[in-house]
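Below, each chain spelled out in residue letters.
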Amino acid sequence: MDEIKLSKMYMNQDIKNAVLEVLDSGYYVKGPNLRHFEESFRDYIGSKYAIGVSSGTAALFLTYQELNLNPGDEVIVPSHTFIATATPLAYFKVKPVFVDIDPETYCMDIEKVKSEITPKTKCIVPVHIYGHPVDMDPLLEIAEEKSIKIIEDCCQAHGAEYKEKKVGKLGDIGVFSFFPSKNMTVGGDGGMIVTNNEKYGEELKLRRDHGRKSKYENELLGLNFRLNEIQAVIGKEQLKYLDEWIEKRREIVNFYNEIIEKYPNVKIPSEKEWAKCSYYVYTIQIEKRSSFIEHFNKKKIATGIYYPIPVHRQPIIQKLYGIQPKLGVTEEIVDKIVSLPLSPQLINEELDRIKVAINEYMEDL
Ligand SMILES: Cc1ncc(COP(=O)(O)O)c(C=O)c1O
């Protein structure tokens, strides 16, 4: 019996042929595939700019650099996220201020954000965690009133919608990751920055390539954070399937919800009426998580924990910024959350195996 993995990467013959064409072309960086991928991603999101970069982390690093933050400035981030939302700030001597989450959506709690704003707050980073969009309108209102920038971390939310608008273009800048487990990938590491702001768009294009305007003329401070042609061509091909894959993910989520909702001791994901989730992962909360995981291990079904240590509790964060204040909801859910396999490539036989495993475990409780 094969293991059912948490996520599966999709590669068909068209994608493989496109990669071979790139290999034969001799253009491996800064070629037409990057341009085409950026154009199609920009059109998909509906933003003015899309800039391909080497990872989601690179996208965040460049974005924080572009904002011209000064040492001592503060940026409000959730703690319930992947650490890369916060760590690039340390390179600019900027302080991340961690806020708690809403227990229903797992996204940053807007009321908590409001209470953390100080004259030093320069930016807020809503993370659309698990593919559920953050409630953006109140955040955008605060931002406008106080001249604070909004950077959307969309690394888990390709194609997710807030009030029928794609996430990424709602704030000042949006960042995406194409790490292999994401809703779409580039067959390795990759990322994208999107914005409607002309200055940011033009400057970020230069910054990801040594800040150069032409081959030997460097106008801005930048590094090499380019996205390769092979990754770009895979991304361009994968983007064609993204909407179809999101629908499939949503069907699987409904399938899981119908099985699990009858068990009162388990919390299933919720979707706000203004949200269309893209479901990067399917996360439930369960009291006796370790025995649940053990049961799934025995059945050769993978499970994941996103994330077992909240960012404000990470040793490097405490070393850099000292012991952080307690975040009640984040610290409560961290021992209960567990994610089940979710990918549009899951076949019916695998879904049935997962259904049987869930029912067996719950009925034995
Ligand atoms: C919320 C979030 N932010 C940032 C990143 C960093 O992206 P990458 O792994 O492409 O550097 C990830 C990726 O896992 C993520 O999930």
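The model shown is predicted, which means the values in this text are computed figures rather than measured ones.

## Comments concerning the nonpolar core
In terms of nonpolar packing, the biggest core is built from 89 residues, with Val53, Ala59, Val175, Met192 and Ile193 touching the most fellow members. No other element matches the 6 residues that helix H3 (residues 56-66) contributes to this core. Counting the residues that make up this core, at least three belong to each of domain 1 (13-239) and domain 2 (242-364). Setting aside residues no more than four positions away along its own chain, Ile193 makes contact with Ile51, Val53, Ala59, Leu62, Thr63, Ile173, Val175 and Leu204.

## Quick word on unusual backbone geometry
For the bond running from Tyr306 to Tyr307, omega is 5°, close enough to zero to count as cis. On the secondary structure map, Tyr307 appears in the loop between helix H9 (289-298) and helix H10 (315-321). In the Ramachandran plot, His210 falls in the positive-phi region, its phi being about 60° despite a non-glycine side chain. Mapping His210 onto the fold places it in the loop between helix H6 (198-207) and strand S10 (212-214).

## Topic: the environment of Glu164
The residue Glu164 is located in the loop between strand S6 (161-162) and strand S7 (165-166) in this model. With 7 C-beta atoms counted inside 10 Å, the residue Glu164 sits in the exposed group. Taking the C-alpha atoms as reference, Glu164 lies 39 Å from Pro315; in sequence the two are 151 residues apart.

## So, helix H1 (residues 13-25)
Here H1 is 13 residues long and its end C-alpha atoms lie 18 Å apart, about the 18 Å a rise of 1.5 Å per residue gives. Little of H1 is tucked away, with 1 of its 13 residues classed as buried. Gly26 lies just past H1 and shows a positive phi near 80°.

## Observations regarding the environment of Tyr279
Take Tyr279: it is sitting in the loop between strand S13 (275-276) and strand S14 (282-286). The residues contacting Tyr279, other than those within four sequence positions of it, are Tyr130, Gly131, Arg249, Arg250, Val253 and Leu342.

## Quick word on the packing of H1 against helix H7 (residues 229-239)
Put simply, H1 and H7 touch, their axes get as near as 9 Å, and they point 150° apart. Relative to H7, H1 is oriented roughly antiparallel. Considering how the two elements wind past one another, H1 and H7 form a crossing that is right-handed. Mapping the contact onto sequence places Asp14, Ile15, Ala18, Val19 and Val22 in H1 and Glu229, Ile230, Val233, Ile234 and Glu237 in H7.

## Some words on the sheet that holds strand S12 (residues 266-267)
Spatially, the 3 strands line up as an open sheet ordered S12-S14-S15, and their pairing is antiparallel. In this open sheet, the two edge strands, each paired with only one partner strand, are S12 and strand S15 (337-340). In this sheet, S15 lies alongside S14 in antiparallel orientation, the contact comprising 4 bridges. Paired with Gln285 across the two strands is Ile337, which belongs to S15.

## Section: the domain arrangement of the protein
Annotation of the protein at the domain level lists domain 1 (13-239) and domain 2 (242-364). Once you take the C-alpha centre of each, domain 1 and domain 2 turn out to be 24 Å apart. With 31 residues of domain 1 in contact, the opposing surface of domain 2 contributes 28 residues.

## Let's talk about the environment of Glu331
Relative to the assigned elements, Glu331 resides in helix H11 (residues 328-333). Given 15 C-beta atoms within a 10 Å radius, Glu331 is considered partly exposed. Glu331 has contacts with Pro310 and Lys326, leaving out every residue within four places of it along the chain.

## Examining the sheet that holds S6
Within the open sheet, the 3 strands sit side by side as S7-S6-S13. Their pairing is antiparallel. Either end of the sheet is taken by a strand with one partner, and the two such strands are S7 and S13. With 2 bridges joining them, S6 and S13 adopt antiparallel strand pairing. Paired with Tyr162 across the bridge in S13 is Ala275.

## Notes on the pairing of strand S8 (residues 173-177)
Residues in a regular strand project their side chains so that they alternate between the two faces of the sheet. Extensive coverage of S8 is indicated by the burial of 5 of its 5 residues. Because side chains alternate across S8, one face comprises the buried residues Ile173, Val175 and Ser177, and the other comprises Gly174 and Phe176, equally buried. Here 3 bridges tie strand S5 (residues 149-153) to S8, and the two strands are oriented parallel to one another. Bridge assignment links Asp153 to a residue of S8, and that residue is Val175. As paired strands, S8 and strand S9 (residues 191-195) are joined by 5 bridges and run antiparallel to one another. Residue pairing in the sheet places Gly174 in a bridge with Val194 of S9.

Parameters and conventions
- Residues numbered from 1 in each chain as written.
- Predicted model: local features only at pLDDT ≥ 70, side-chain atom pairs only at ≥ 80, totals over all residues.
- Core = buried A, V, L, I, M, F, W, Y, C linked by C-beta atoms within 7 Å.
- Buried ≥ 20, exposed ≤ 12 C-beta atoms within 10 Å, placed from the backbone.
- Helix = DSSP H or I, 4+ residues; strand = E, 2+ residues; numbered from the N terminus.
- Domains from an automatic or database assignment.
- Contact = placed C-beta atoms within 7 Å.
- Expected span 1.5 Å × (residues − 1).
- Axes fitted to C-alpha atoms, helices over the stretch in contact; angles between N-to-C directions.
- Parallel < 35°, antiparallel > 145°, perpendicular 65-115°, else oblique.
- Left-handed = near helix turned anticlockwise from the far one by under 90°.
- Pairing = 2+ DSSP bridges.

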